[in-house]
Amino acid sequence: IFLKKIVLKKNLGHPKTVSLCSVFNPNNKRQIDQSLVVFFKGPNSFTGDDVVEFSLHGGPVVSSKVIQVLKGLGCREASPGEFTYRAFINGKIDLIQAEAINSLIKTNKDVNAFYASKNVEGFLSNSLINSQKKLKELITYIEHELDFTEEEIDHVSIENYLLQTTKIIKGAKKIQTSS
């Protein structure tokens, strides 16, 4: 609703489509800037909420004017970390990814940025989920065998279970050294 008050354009197109728009102060109808505007419809946004993004021309005067106009329409500035928090609460990212975003923002070293970026993309989360899945499968087979005698089903050898357990442990150690 607020977007239609400051962007005098009837149709912004489809969500995730960039539109070139003049941004106005609705009180005096003066143009503040010409901006690229993108609307992200929830839940298909980073946060899972409806989001509008403005790409304004540089400088604090233009951005300050737009922020003041938006505040006058009832909007507020996001708190530090709020977009990440909303993405986490809405199930768009997990806690590991949220912490990786924080690390990526705060780091001043290339290597830390590299690993944080990988974890934002889900490397560590997916690796842990994969290891957990393998471990659950192994436990399921072991529990299944406990319910039957050797005459009823073919049992897997203890050596085979030890081999699978060793592979899971090696995978976990690999995760530890690569994240």
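Heads up: the structure comes first, above all this text.
Residues numbered from 1 in each chain as written. Predicted model: local features only at pLDDT ≥ 70, side-chain atom pairs only at ≥ 80, totals over all residues. Heavy atoms only, no water.

Caption draft 1: Looking closely at the overall build of the protein chain. On a plain count of helices and strands, the protein chain comes out with seven helices and three strands. For the protein chain, the N- to C-terminal ordering of α and β elements is α-β-β-β-α-α-α-α-α-α. In terms of overall dimensions, the protein chain is more spread out than a globule: its C-alpha atoms have a radius of gyration of 26 Å, far above the 16 Å expected for 179 residues. The principal-axis extent of the C-alpha atoms belonging to the protein chain is close to 85 × 40 × 25 Å. Counting over 179 residues, the protein chain shows a buried share of 26%. Looking at the protein chain alone, contacts between residues at least 24 apart form 39% of all its contacts between residues at least 6 apart. On the protein chain, roughly 13,000 Å² of surface is accessible, and the fraction owed to carbon and sulfur atoms is 56%. For the protein chain, the distance from the average position of its 23 positive side-chain charges to the average position of its 19 negative side-chain charges is 20 Å. (Helix = DSSP H or I, 4+ residues; strand = E, 2+ residues; numbered from the N terminus. Rg over C-alpha atoms; globule rule 2.2 N^0.38 Å. Buried < 20%, exposed > 50% of the residue type's maximum accessible area, 1.4 Å probe, protein only. Contact = heavy atoms within 4.5 Å. Areas by Shrake-Rupley, 256 points an atom, 1.4 Å probe, with all protein chains shown as cover. Lys, Arg positive; Asp, Glu negative; His and termini not counted. Charge placed at Lys NZ, Arg CZ, Asp CG, Glu CD.)

Caption draft 2: Main features of the pairing of strand S1 (residues 19-24). Taken together, the six bridges between S1 and strand S2 (residues 31-40) define a ladder with antiparallel strand orientation. For Phe 24, the partnering residue across the bridge sits in S2 and is Gln 31. If you look at the hairpin formed by S1 and S2, you'll find six residues sitting between the two strands, and Lys 29 has a positive phi there, around 60 degrees. (Pairing = 2+ DSSP bridges.)

Caption draft 3: Seen up close, the sheet that holds S2. Reading across the sheet, the three strands line up as S1-S2-S3 and stay open at both edges, with antiparallel pairing between neighbours. Because the sheet does not close on itself, it has two edges, and the strands there are S1 and strand S3 (51-55). Taking each pair of neighbouring strands and ignoring which way they run, the sheet shows an average axis angle of 45 degrees. Where helix H2 (residues 60-72) meets the sheet, its contacts fall on S1, S2 and S3, and the angle it forms with S2 comes to roughly 65 degrees. (Axes fitted to C-alpha atoms, helices over the stretch in contact; angles between N-to-C directions.)

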